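Structural features, examined
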Amino acid sequence: MIKKICLGLLLSCALLMGLSLTTPTVHAATDHSLTTVQKKGTLVMGTAPDYPPYEFETTIHGKTQVVGMDVAVGQKIAKDLGVKLVIKSMSFDSLLVALQTGKVDMVISGMNPTPARRKNVAFTHTYYQGGYSIVINKSDQGRYHDKDSFKGQNLGAQTGTTLYNESKRQTTNTTIKGMTTISNLVLALQSHKVAGVAMEKPSAKAYVANNKQLVMIPSHFNLSAADTSTAVAFKKGSTALVTAANQSVDQIKHQDLINKNYLPAAGQYLKTNTVNTSMWHYWKAFLTGVKYTLIITVCAVFFGFILGVLLALLRLGHGSLLQTAGRWLATAYVEFIRGTPMMVQVMFVYFGLGLIVNLPALTSGIIAIALNSGAYVAEYIRGGINSVDAGQTEAARSLGLSRTAALRYVILPQALQNIWPSLGNEFITLIKDSSIVSIIGVSELIYQSNIVRSDTYRGVAPIVVIMVLYFILTFTASRLLNHFEKKWQHA
Amino acid sequence: MTKPIIEVKNLAKEFDGNPVLKDITEQVNPGQVIVVIGPSGSGKSTFLRCLNLLETPTSGQVAFDGQDLTTLDTKRVNELREQMGMVFQGFNLFPNMSVLENIKLAPMKVKGVSDADATKRAHELLQQVNLDDHADAFPSSLSGGQKQRVAIARALAMDPKVMLFDEPTSALDPEMVGEVLNVMQDLATQGMTMVVVTHEMGFAKSVADRIWFMADGYIQENSTPDDFFAHPQTERAQDFLSKILM
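Residues numbered from 1 in each chain as written. Chains lettered and ligands numbered in written order. Predicted model: local features only at pLDDT ≥ 70, side-chain atom pairs only at ≥ 80, totals over all residues. Heavy atoms only, no water.

Our next topic: the pairing of strand 4 (residues 59-64) of chain B. Residues and elements named next belong to chain B. Alignment of strand 1 (residues 6-15) against strand 4, held across 5 bridges, turns out to be antiparallel. Residue Ala12 lies in a different strand from strand 4, and its bridge partner there is Ser59. Relative to strand 5 (residues 67-68), strand 4 runs antiparallel, the two sharing 2 bridges. Paired with Ala63 across the bridge in strand 5 is Asp68. The antiparallel hairpin formed by strand 4 and strand 5 contains 2 residues in its connecting segment, where Asp65 sits at a positive phi of about 55°. (Pairing = 2+ DSSP bridges. Helix = DSSP H or I, 4+ residues; strand = E, 2+ residues; numbered from the N terminus.)

Right under this line is the structure:
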C-alpha cells in the first residue's frame, strides 16, 4: 500500500519535473491560427478591466460584465470572423504571458504596439489614437502644469504599461510610483501618496467626470505614434488571424466607430454606474468574493491536507531504496515550495503548466495553493507523528496491527490532535493568502473589491468592507476550530 | 513430550555494534510461566522484544509454534504477533480512546470481529481484571494499576497463546503492584503461557515454573524457583541474589 503511494508520488514528481523542463515548442511552418479559432467557434479576448472607458466592469441586470470601447472592438472582430467573443479578465501584467501561453487568443486592453512588445507578439493596425494626461487633486490646481512640474514629487503610473516606462524616462528628479491598477493609483492620489497619476486621456476624462475632487492637466510627454496608439495583439506567427482582424480594425478606423459609437456607449455605463456607489449596492459582488475565497480555501485545505499526509509519510519512510528515494524527493519538494513565493507558484501553475494543459484560473489557483499548503501541512504532520510516543506504535504492533493500520488507527489520530492548533492556523492563513490568486483573475474577495473600487471610484470603503469580511471569515473559522479542539480533548 | 511454543536458537542482538544479547538458546513449553530476572542492563527487555520481533535479531532464530519468525514476511509476522500478547512497563494505552475502545480496536481491525462481539468480549475481560465499571473512562483518568490491568485486558482480547510481560509493575506506586500481580497470577492459574521480565522476587518464587537468570547477554541459569533461590549455581547469580535479598 505504502509502496504504491510512494510509486505514485514518485511518478507525479517526475512528471512535474518533466513539465518544468519542457520548453514551449515553436510552430513556425504552417499557420492554423484562423482555422483553429473558426473551428472552436470562440475568440477569447484577454483584458484588464480597470481602465475606463477602454474596459471596466459594470453590473447589468445583477450580473457583472466587462464593458468598454475595447470590448466593442473585440465584439466587432469576433462578429466579422463569425465566432463568439469570450472575455477573460486578468491583471495587465499577465496579459501578454496569457497570450503567449495560449490562455487567450488576443489581447485588447488599451495596449500600445511598442517595438519591445512587437518582438513577442503580433499587432494589428492601430484602432485608436489616444494621448496621455495627468490627473491631479483639485486642491493642487495651478501648482502642476505638466510632467515637468513634479520635481521632487511622486508621479503614479500603471506598471507594465508604456506610460510607466516613458514617465520614468522623460521626467527628472521625479519618483515614478508603479501600481497594478489605475483605481489604486487614484486612491493613492486622493490620499496624497502621489501628486499626480499619468494615464490615457479617455481614462482621465472618465475619472475627472466622476470625481469632483480631481482635475486633469496635459502631460506633454514626447511620444511617437506607436506609443500613443492602441492595437490588438495576437500570438506571434498567427498571420492569418491578424490579417482577418485588420479588416475589422480598418473598418473601425474608416467609419470612426470608436468616437461615434463605442466611446459614447461606454460613457453610458460610466454614468449609470456612479449613481449608486453605496457598498450595499455591491453586496452581490462581495458575496461572490466570499464564495470564491471559501471555495479556494476549503478545496486547497482539503487537497493540501491529503498531499501533506503523503509527503509526511514519505519523509518518515526509511529502509528500502525506494523509500529513501521517496524521502529525498519529499524533502526536496517541501524545501522548494517553502523557499519560493506563493505568488510565483500561482503564476507558474497558471501560465507555466498552461503550456501543456489549459487549466481555468480557479482550478490553477486551487492547485497552486494546495501544492503550497501541502508542503507546510507535511511538516506539521511529520512533527505530529514524531511527537507521538514510540510505545504507542509498539503497543499497536504487538497487538498484530500492521504498520499501516497502526499509523491509521493509533498514530495519526493522536498526531492530528497534537497538531490541531497548527492546522487551524494554516487554515486561517489560507483564507487570507488565497487573495494571491486575484492576480490570475479569480473573482475572490480582493479581486472583487478591486472591481468595486474601479467601478465606484471610491477607494477606502471597499477596503474596509473586505477587511470586515475577512475578519468575519477568519474569526468564525477560529471559533469553529476551537470548538472541535475542546471536543477532542481527553488526554 | 510436548512441543515447545517458543524456541530460541543462538539468538544475538547488537545495537550499533554493541552486543546486548550474545548467544541465547532456550525454549518455552505451553502452559509454562517463565520469569526472567537479572541485573539492570543485562538485556532482559531486549530479549523479550526479540520474541515478538519488536526488535529484529541480529542473528539466530526465534520460532513460534514451530515457525521461524526471522524468515517470515511482514504479513505473516503480523499474524503470529497477534498470538503473543505484550504488556509494557509504560502501559502504552491509546490515550485518545476510551478503555473499551482500547480493548476493541485490535479484534475489530485485525480479526474483523463485529462491534457487538468485540464489546461483549471486552466487558468480559474488564470483569476479569475488575475494571468493568471504568469501561467508558479515558486512560488519563485511571491510576497506574488500573491502566496496567486495562493493558492486560487489551492484550488478552486477541486470545493470545503466550503473554509477554516487560517489567509490568516497575512504573507503579508500591500500593498498586499487588492488584496487577494478582491479575497475572490468575492468568497463570488458568494455564496461560507467560514470559515475565520482573524484579518482583515474591512473584517469581510463587508463580514461576522456571527462572531464567540473565546477565551479560547470556541466560546464565535456567532452573526451578526453589533451586534458583536456594542454590544459585553461578557467581553472577549469587552476587545478584545477595544484593536484592540482603
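Formed by 55 residues in total, the largest nonpolar core has its most connected members in Leu401 of chain A together with Phe47 and Leu51 of chain B. Residue contributions to this core peak at 9 residues, all from helix 17 (residues 403-433) of chain A. The next biggest cluster of nonpolar side chains, apart from the first, holds 51 residues, and it includes Val99, Leu100, Phe165 and Met194 of chain B. (Core = buried A, V, L, I, M, F, W, Y, C linked by side-chain atoms within 4.5 Å. Buried < 20%, exposed > 50% of the residue type's maximum accessible area, 1.4 Å probe, protein only.)

Cross-referencing UniProt, the feature "transmembrane region" (unreviewed entry) maps to residues 292-314, 348-371 and 460-481 of chain A in the present numbering. A distance of 12 Å separates the end C-alpha atoms of residues 348-371 of chain A, which is 67% helix and 0% strand. (UniProt positions renumbered as here; feature names shortened; annotations may be inferred.)

Attention now goes to the sheet that holds strand 3 (residues 55-60) of chain A. All names here are of chain A. The 3 strands lie next to each other as 2-3-4, forming an open sheet whose pairing is antiparallel. In the strand order of this sheet, the two ends are held by strand 2 (50-51) and strand 4 (63-67), each with one partner. Across 5 bridges, strand 3 lies against strand 4 in antiparallel orientation. Residue pairing in the sheet places Ile60 in a bridge with Lys63 of strand 4.

Per the stated rule, a full pass over the model turns up 10 aromatic pairs over all chains. Ring geometry for Tyr51 of chain A versus Tyr54 of chain A: centroids 5.4 Å apart, planes at 40°, classification tilted. Looking at Tyr54 of chain A, the relative accessible area reads 0%, which means it is buried. By way of ring pairs, the aromatic residues Phe213, Phe228, Phe229 and Phe240 of chain B are connected into one cluster. Residue placement shows Arg154 of chain B over the ring face of Phe94 of chain B; its charged tip is 4.4 Å from the ring centre. Directly above the ring of Phe229 of chain B sits Lys205 of chain B, whose terminal nitrogen or CZ lies 5.2 Å from the centroid. (Phe/Tyr/Trp six-rings, centres within 6.5 Å; stacked < 30°, edge-to-face > 60°. Lys NZ or Arg CZ within 6 Å of the ring centre and 35° of its normal.)

Taken over all residues, the pLDDT of chain B has a mean of 92, while the share at 70 or more is 99%. Reported confidences for the modelled complex are a pTM of 0.69 and an ipTM of 0.91. (pLDDT = per-residue confidence, 0-100.)

This brings us to the pattern of salt bridges. Residues and elements named next belong to chain A. Throughout the structure, instances matching the rule amount to 19 salt bridges over all chains. Put simply, Lys40 and Asp105 hold a salt bridge, and the shortest N to O gap is 2.7 Å. Taken as a pair, Lys40 in helix 2 (residues 33-40) and Asp105 in the loop between helix 4 (92-100) and strand 6 (106-107) lie far apart in primary sequence, 65 residues in all. Its relative accessible area of 41% is what places Lys40 among the partly exposed residues. For the salt bridge of Arg338 with Glu335, the shortest nitrogen-to-oxygen distance reads 3.7 Å. (Salt bridge = Lys/Arg side-chain N within 4 Å of Asp/Glu carboxyl O.)

Chain A puts 19 residues into the contact, and the matching count from chain B is 25 residues. Remark: the boundary between chain A and chain B carries 1 salt bridge. For Arg49 of chain B, the salt bridge identified is with Glu394 of chain A, shortest N-O distance 2.5 Å. Run the count over chain A and chain B and you get 4 residue pairs in polar contact (both at pLDDT 80 or more). Contributions of two or more residues to the side of chain A that touches chain B are made by helix 16 (390-398) and helix 17 of chain A. (Contact = heavy atoms within 4.5 Å. Polar contact = N/O pair within 3.5 Å; in protein donor to acceptor, adjacent residues only side chain to side chain.)

What follows covers the environment of Asp132 of chain B. Residue and element names in this part refer to chain B. Relative to the assigned elements, Asp132 resides in the loop between helix 4 (115-128) and helix 5 (144-156). Look at Asp132 and you get partly exposed, because its relative accessible area is 25%. It is 9.1 Å that separates the C-alpha atoms of Asp132 and Leu100, two residues lying 32 residues apart in sequence. If near-sequence neighbours (up to four positions away) are discounted, Asp132 is found in contact with His123, Leu126 and Gln127. In terms of polar contacts, Asp132 uses its side chain to reach the side chain of Gln127, at 3.2 Å.

Here the focus is the environment of Thr126 of chain A. Residues and elements named next belong to chain A. Residue position: Thr126 is located in strand 7 (residues 121-129). Considered as a pair, Thr126 and Ala231 are 105 residues apart in the sequence and their alpha carbons are 4.3 Å apart. Beyond its immediate sequence surroundings of up to four residues, Thr126 is in contact with Pro113, Ser229, Thr230, Ala231, Val249 and Lys253.

Our focus in this paragraph is the side chain of Glu221 of chain B. Residue and element names in this part refer to chain B. With respect to the secondary-structure elements, Glu221 resides in strand 10 (residues 218-223). No salt bridge forms around the buried Glu221; measuring N to O, its nearest opposite-charge neighbour Arg210 is 9.1 Å away. Within the structure, Glu221 has its side chain in polar contact with the backbone nitrogen of Gln233 (distance 2.8 Å). The residues touching Glu221, leaving out its near neighbours within four places in the chain, are Ile211, Trp212, Phe213, Phe228, Pro232, Gln233, Thr234 and Ala237. (Lys, Arg positive; Asp, Glu negative; His and termini not counted.)

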